[in-house]
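Chain and residue survey
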Amino acid sequence: MDAAFNHILIAVDLTEDARSVASKACALRTKFSATLSCTHVIEPLSLAYGGDVPMDLSTIQEQLQETAKLQLNEFAEDLDIPEENRHLVYGRPETEIHSLAEEIQADLIVVGSHGRHGLALLLGSTANGVLQGSPCDVLAVRVGE
Ligand code: AMP
């Protein structure tokens, strides 16, 4: 049985939690001499708010994208992730993380998990969403404790 990971994809929400998720992913990268890629998914404001907001959201969206790009680059620099392995994408996190994992042939996705329970668990989380129907293994790193 081949128990190694060759290409690890770390999904980051660009919060403080990303540091703990990154440290686990980096430990696995070293252990398996794997390639490390990272992604942040920007959720289009139009998806979140639809036609409910009677204003043009494009300027705010552009600012969000610029900020996310800077933050993702800073994060990736710290982890020595080369530019070609940094992926800023748009859409729903779960869907985009799955598509990207397939595209780059990742064999492990690493996400943070808040270990929610009760109502929050019923409502779901990104980690649960990534786990459902993932094209490869998923490591959920406990964060925010
Ligand atoms: P959440 O369920 O939103 O608290 O997020 C849990 C984990 O999902 C985060 O620690 C990240 O690993 C991942 N995640 C959440 N939002 C995003 C996003 N927009 N882009 C990439 N990964 C994300």
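Rules of the game
Residues numbered from 1 in each chain as written. Predicted model: local features only at pLDDT ≥ 70, side-chain atom pairs only at ≥ 80, totals over all residues. Heavy atoms only, no water. Salt bridge = Lys/Arg side-chain N within 4 Å of Asp/Glu carboxyl O. Helix = DSSP H or I, 4+ residues; strand = E, 2+ residues; numbered from the N terminus. Pairing = 2+ DSSP bridges. Axes fitted to C-alpha atoms, helices over the stretch in contact; angles between N-to-C directions. Contact = heavy atoms within 4.5 Å. Near = heavy atom within 4 Å. Polar contact = N/O pair within 3.5 Å; in protein donor to acceptor, adjacent residues only side chain to side chain. Areas by Shrake-Rupley, 256 points an atom, 1.4 Å probe, with all protein chains shown as cover. Nonpolar A, V, L, I, M, F, W, Y, C, P; charged D, E, K, R; others polar.

Further remarks concern the pattern of salt bridges. Oppositely charged side chains may form a pair once their charged atoms are brought near each other. A complete count under the given rule lists 2 salt bridges for this structure. The partner of Arg19 in a salt bridge is Asp78, with the nearest N and O atoms 3.3 Å apart. In this pair, Arg19 sits in helix α1 (residues 17-32) while Asp78 sits in helix α3 (residues 58-78), placing the two residues 59 residues apart along the sequence. Among the ionic pairs, Arg86 bridges to Glu77, the shortest N-O distance being 3.2 Å.

Strands sit in the order β3-β2-β1-β4-β5 across an open sheet of 5 strands; the sheet is parallel. Edge strands, defined here as strands with exactly one partner in the open sheet, are β3 (86-90) and β5 (137-142). Averaged over neighbouring strand pairs, the angle between their axes works out to 25° when direction is ignored. Here 6 bridges tie strand β4 (residues 108-113) to β5, and the two strands are oriented parallel to one another. From the neighbouring strand, Ser113 faces β5, where its bridge partner is Arg142. Contacts from α1 reach β1 (7-11), β2 (35-42), β4 and β5, with the element oriented near 175° to β1.

Residues in close proximity to the ligand total 14 residues, the closest being Ala11, Val41, Gly112, His114 and Thr126. Residue Val12 places a main-chain N or O atom 3.4 Å away from a nitrogen atom belonging to the ligand. The separation between an oxygen atom of the ligand and a polar main-chain atom of Gly112 is 3.0 Å. If the ligand stood free it would expose 480 Å²; the protein chains cover 89% of that surface. Secondary-structure elements contributing two or more residues to the shell around the ligand are β2, α4 (93-103) and β4. When residues in the shell around the ligand are grouped by element, the largest group, 3 residues, is from β2. For the shell around the ligand, the per-class residue count stands at 6 nonpolar, 6 polar and 2 charged.

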